[in-house]
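Single-letter residue listing:
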Amino acid sequence: MYIADILLVISSLLLISMIAASAYRHLAVPYTVLLVILGLSITLIADTFKIPEIEYLSHLHLTSDLVLFVFLPVLIFESALSLDARALLKNIIPILTLAIVGMLISVILVGIGVWWSLGLPIMVSLLFASLISATDPVAVVALFKKLGVPSRLMILIEGESLLNDATAIVLFGTLLLMLEEYNFSFMVGLEVVEHFFLVFFGGVLVGVVIGGIISEILVRLFHGNQSIPVVLSLSLAYISFIVAEHILHVSGVMSVLSAAIYLNIAGLSRLSKNTIENIHTTWAVMVLICNSLLFFLIGLSVNLISLAHFWQPIMWAVLAVHTARAVSVYLLLPLSTEKTTWAERHIMWWGGLKGGLAIAIVMSIPDSLPEKELLKVLTVGVVLTSLLMNASTLRWLMHYLKMDVLSLTEE
């Protein structure tokens with residue numbers, strides 16, 4: 001495909017997305033879900049009527065590299081940059097409990113559920129569980145910001161999504177390494193555990209170092225030019241991710257997360273208010289573009305007709321994922337904090353959305369794994385169910401639980 005064709009397609013998708021963004025306010029369906037439905041409709045029309053122009057669009061698909069190296073750095077960086085660091089530290093215990101302990105419990109429960117219901121090898125089941133158990137920060141944060149959930153609940157959801165996203169990617173890589181080691185032994189197990197911590201905390205170190213260097217450059221180069229800090233923040237997002245993930249082979253997500261938090265604390269605090277507003281405004285536009293393209297491409301990547309043949313395995317996978325999420329939210333969360341209400345727990349359980357990241361991870365599985373195609377079908381099925389069923393009914397659930405009603409203090 002030529003550059004001109006790529007630019008035309010991207011511009012067309014963005015045009016349709018912005019029209020949808022204006023129309024969704026009059027609909028009960030969230031904006032991101034509306035884009036998925038549009039993508040699904042285009043694919044279905046292309047397969048049914050064989051219209052050349054529409055078929056051309058339907059050939060666009062998400063790839064692992066596209067999500068990881070184009071969309072993810074922007075979406076993770078903006079979420080981390082807009083996080084309230086003080087509120088994050090106040091709620092760090094429940095966030096870490098959900099993001100790490102809850103994630104590991106979820107992987108075990110989903111793995112056992114898929115192994116028992118579908119008869120897949122236990123290691124393959126755990127591999128699938130690792131990529132599908134984490135709540136996708138792209139899907140979750142985009143929706144919850146639009147719904148306007150309470151600030152503390154937003155911190156819990158956003159913090160958990162960002163951290164367990166990194167945990168999921170590292171755990172997935174670790175389990176894949178175990179699958180490739182046919183002669184698994186105690187020594188191999190120690191190497192796997194060492195690999196997990198090296199990748200996870202190595203990403204943190206890389207992000208802090210690069211974030212520190214670029215933050216100092218940003219502050220020293222800034223002399224009233226509003227564009228320099230914006231461009232340097234964009235550079236920081238991609239440099240920190242690519243250096244960590246592609247060059248040093250540690251966690252790119254933890255690197256971006258650490259770099260953004262460092263910039264927020266040590267860099268932006270030394271800039272003027274107008275400059276900070278310009279940076280956040282630019283990142284809001286970047287997120288709108290990436291979210292629009294990502295969710296549109298999710299819809300274009302799914303063939304509903306072929307997916308329908310696997311409805312039973314997908315149903316079992318969805319049931320396992322929701323059960324594991326319920327255990328994490330209803331059992332672990334009360335142990336780590338007493339401040340959450342039952343209504344907030346209901347929202348956190350039902351709002352454990354899955355998105356494009358899970359599809360990107362499953363696409364990165366080597367073709368040598370015999371079960372790869374089935375895992376792709378299960379992942380796409382769970383993601384689609386999550387977006388069409390959970391995300392579409394969250395607003396109604398919040399209204400039913402009266403979470404959209406102002407308290408006396410808030411009024």
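Provided above is the structure to which this section pertains.
Calculation criteria
Residues numbered from 1 in each chain as written. Predicted model: local features only at pLDDT ≥ 70, side-chain atom pairs only at ≥ 80, totals over all residues. Heavy atoms only, no water. 1 Å grid on protein atoms, 1.4 Å probe; cavity = no way out; pocket = protein on both sides within 12 Å on 5 of 7 lines; lining within 4 Å. Points joined across faces, edges and corners; volume = space filled by probe spheres on them. Helix = DSSP H or I, 4+ residues; strand = E, 2+ residues; numbered from the N terminus. Nonpolar A, V, L, I, M, F, W, Y, C, P; charged D, E, K, R; others polar. Expected span 1.5 Å × (residues − 1). Bend = angle between axes of the 7 residues up to and from the residue. Contact = heavy atoms within 4.5 Å. Axes fitted to C-alpha atoms, helices over the stretch in contact; angles between N-to-C directions. Parallel < 35°, antiparallel > 145°, perpendicular 65-115°, else oblique. Left-handed = near helix turned anticlockwise from the far one by under 90°. Salt bridge = Lys/Arg side-chain N within 4 Å of Asp/Glu carboxyl O. Buried < 20%, exposed > 50% of the residue type's maximum accessible area, 1.4 Å probe, protein only.

Enquirer: I tried to follow the layout of surface pockets on my own but got confused; where do I start?
Expert: Empty space among the atoms becomes apparent when a probe as large as a water molecule is rolled across them. Estimates place the volume of the largest pocket at around 540 Å³. In this structure, the largest pocket is lined by 22 residues; those nearest its centre are Ile 169, Phe 172, Gly 173, Glu 245 and Ser 364. In terms of residues, the lining of the largest pocket owes the most to one element, helix H9 (residues 151-180), which gives seven residues. Partitioned by chemical class, the residues of the lining of the largest pocket number 11 nonpolar, eight polar and three charged.

Enquirer: Is there a simple way to explain helix H6 (residues 92-118) in this structure?
Expert: Within an α-helix, residues lying three or four positions from one another point in the same direction, as the helix has 3.6 residues per turn. End to end, H6 covers 37 Å across 27 residues, agreeing with the expected 39 Å (1.5 Å per residue, within 8%). At Gly 102, H6 is deflected by roughly 35°, the largest bend along its length. Gly 119 sits one or two residues past H6 and shows a positive phi near 75°.

Enquirer: It is not clear to me how the side chain of Asn 164 should be interpreted in this structure. Could you clarify?
Expert: In this structure, Asn 164 sits in helix H9. Other than its neighbours up to four places away in sequence, Asn 164 contacts Ala 99, Met 103, Ala 134 and Thr 135.

Enquirer: Would you mind going over the packing of helix H4 (residues 64-81) against helix H11 (residues 227-247) with me for this structure?
Expert: Angle between the axes and distance between the axes are the two parameters that describe a pair of packed helices. Packing of H4 against H11 brings their axes to within 9 Å, and their N-to-C directions diverge by 125°. Between H4 and H11, the interaxial angle falls into the category oblique. For the pair H4 and H11, the crossing hand works out as right-handed. For the pair H4 and H11, the contacting residues are Leu 68, Phe 69, Val 70, Leu 72, Pro 73, Val 74 and Phe 77 in the first and Ser 233, Leu 236, Ala 237, Tyr 238, Phe 241, Ile 242, Glu 245 and His 246 in the second. Class assignment of the residues belonging to the contact of H4 with H11 gives a composition of 12 nonpolar, two polar and one charged.

Enquirer: Help me understand the pattern of salt bridges in this model?
Expert: For the structure shown, the criterion picks out five salt bridges. When the shortest N-O distance is used, the salt bridge between Arg 325 and Glu 160 registers 2.6 Å. Separated by 165 residues along the polypeptide, Arg 325 in helix H15 (residues 311-336) and Glu 160 in helix H9 bring together distant segments of the chain. Arg 220 serves as the salt-bridge partner of Glu 216, at 3.5 Å between the closest nitrogen and oxygen. With a gap of four residues between them, Glu 216 and Arg 220 both fall in helix H10 (residues 186-221), about one helical turn apart. With a relative accessible area of 28%, Glu 216 lands in the partly exposed category. The class for Arg 220 is exposed, based on a relative accessible area of 61%. Each of Glu 216, Arg 220 and Arg 270 takes part in one network of salt bridges that share partners.

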